[in-house]
Amino acid sequence: MKQYVPILTLLFVQIVHGQKSDLAIFEHLIGKTWIAEGNWGDGSKFKQESTFEYALNKQIVIARSKGYVNQEQTRYGLRNHGIRKFDPVSKGVKFWEFDVFGGLTEGTMSIRGKDIFYHYSYHGSLVTDHWEYVDDTTYNFIVGRYVDEKWEQVYLKTQFKAQHHYHNFLKKED
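The rules behind each value
Think of each chain on its own: its residues are numbered from 1, step by step along the sequence as written. Predicted model: local features are reported for residues with pLDDT of at least 70 only, side-chain atom pairs are reported and counted for 80 or more only, and whole-chain, interface and lining totals are derived from all residues. Working from all heavy atoms in the structure, the side-chain values ignore hydrogens and water. Secondary structure follows DSSP: runs of H or I at least 4 residues long count as helices, runs of E at least 2 residues long count as strands, and numbering of each begins at the N terminus. Burial classes follow relative accessibility: with a 1.4 Å probe on protein chains only, a residue under 20% of its type's maximum area counts as buried, one over 50% as exposed, and anything between as partly exposed. In what follows, a contact means two residues having at least one pair of non-hydrogen atoms within 4.5 Å. Here the open area of atoms and residues is found with the Shrake-Rupley method and a 1.4 Å probe, where only the protein chains shown may cover a residue. A pair of strands counts as paired when DSSP detects no fewer than two bridges linking them. What counts as an axis is a line fitted to C-alpha atoms, over the stretch in contact for a helix, and the angles between N-to-C directions run from 0 to 180 degrees. Any Lys or Arg side-chain nitrogen located within 4 Å of an Asp or Glu carboxyl oxygen qualifies as a salt bridge.

Asker: Can you walk me through the overall build of the protein chain in this structure?
Answerer: Tallying secondary structure elements over the protein chain gives 1 helix and 10 strands in all. Ordering the α and β elements of the protein chain from the N terminus gives α-β-β-β-β-β-β-β-β-β-β. Residues classed as buried in the protein chain amount to 37% of the 174 residues present. For the protein chain, contacts bridging at least 24 residues in sequence account for 36% of all contacts bridging at least 6. When the accessible surface of the protein chain is summed, it comes to about 10700 Å², and 54% of that surface belongs to carbon and sulfur atoms.

Asker: Quick question: what am I supposed to make of the pairing of strand β5 (residues 92-99) here?
Answerer: Two faces, one strand: in a regular strand the side chains alternate between the faces of the sheet. The sheet contact formed by strand β4 (residues 76-87) and β5 spans 8 bridges and is antiparallel. Counted as the bridge partner of Lys85 is Lys94 from β5. Once β5 ends, the chain turns through 4 residues before running back antiparallel as strand β6 (residues 104-112), passing Gly102 with a positive phi of about 95 degrees.

Asker: Teacher, can you tell me more about the sheet that holds β4 here?
Answerer: Sheets are built from strands paired through backbone hydrogen bonds, the pairs being either parallel or antiparallel. Pairing in this closed barrel of 10 strands is antiparallel, and the strands run β1-β2-β3-β4-β5-β6-β7-β8-β9-β10 around the ring. Averaged over all pairs of adjacent strands, the angle between strand axes in this sheet comes to 25 degrees, irrespective of strand direction. Note that strand β3 (residues 60-68) and β4 share 9 bridges and pair antiparallel. Across the sheet, the residue bridging to Lys66 is Leu78, located in β4.

Asker: Help me out: how do you make sense of unusual backbone geometry in this one?
Answerer: If a residue is not glycine, its phi is most likely negative; likewise, a peptide bond is most likely trans. Even without being glycine, Lys58 reaches a positive phi, approximately 65 degrees. Here Lys58 is to be found in the loop between β2 (45-55) and β3. Phi at Gln73 takes a positive value of approximately 60 degrees, unusual for a residue other than glycine. Positionally, Gln73 belongs in the loop between β3 and β4. Accessibility expressed as a relative area gives 18% for Gln73, which makes it buried.

Asker: In this structure, what is going on with the pattern of salt bridges? I would like to understand it.
Answerer: Pairing between side chains of opposite charge can happen when the charged atoms of each approach one another. According to the stated counting rule, one finds 4 salt bridges in the structure shown. A salt bridge links Arg64 to Glu53; its shortest N-O distance comes to 2.4 Å. Taken together, the residues Arg64 in strand β3 and Glu53 in strand β2 connect sequence positions 11 residues apart. When its relative accessible area of 18% is taken as the criterion, Arg64 is described as buried. The partner of Glu97 in a salt bridge is Arg84, and the shortest N-O contact between them spans 2.8 Å. Here Arg84 lies in strand β4 and Glu97 lies in strand β5, a separation of 13 residues in the sequence. What makes Glu97 buried here is its relative accessible area of 11%. Looking at Arg84, the relative accessible area reads 5%, which means it is buried.

Next comes the structure, spelled out in structure tokens:
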């Protein structure tokens, strides 16, 4: 039995380390509210507040976002709930984003350094959201058509700024 203890300990450490490192890109996003405002290419307003938290022993990341909850952009509140999860089959991160309108956006993520790319189909078009790392409290945010590592078209360009402690995030809807 004594011979199995070191092997089991090593296996446990590898499993725990592997689970943490698979979603480690989110580590400095956790515990902050990320706020961005800007305008889409068509002139409509963009305003979003997002939080991220680990769940299920850090096997998933839950994202919650506030934004406009009507087409007229006059009501602001909880708009999206999302899940990010490492997929052992593809060896990549997948995401699912459920919105207040009954929609579901799903896709894959790629990581380059501290930059995060979301790749998905939206109304038949391939779209990428790029969270470009600036520092631990700032990301440049670009949404558009990204092909062969270059932007063919940009729909939105703004910045997410972090505020610490998102404990009031879910309490009040504006």
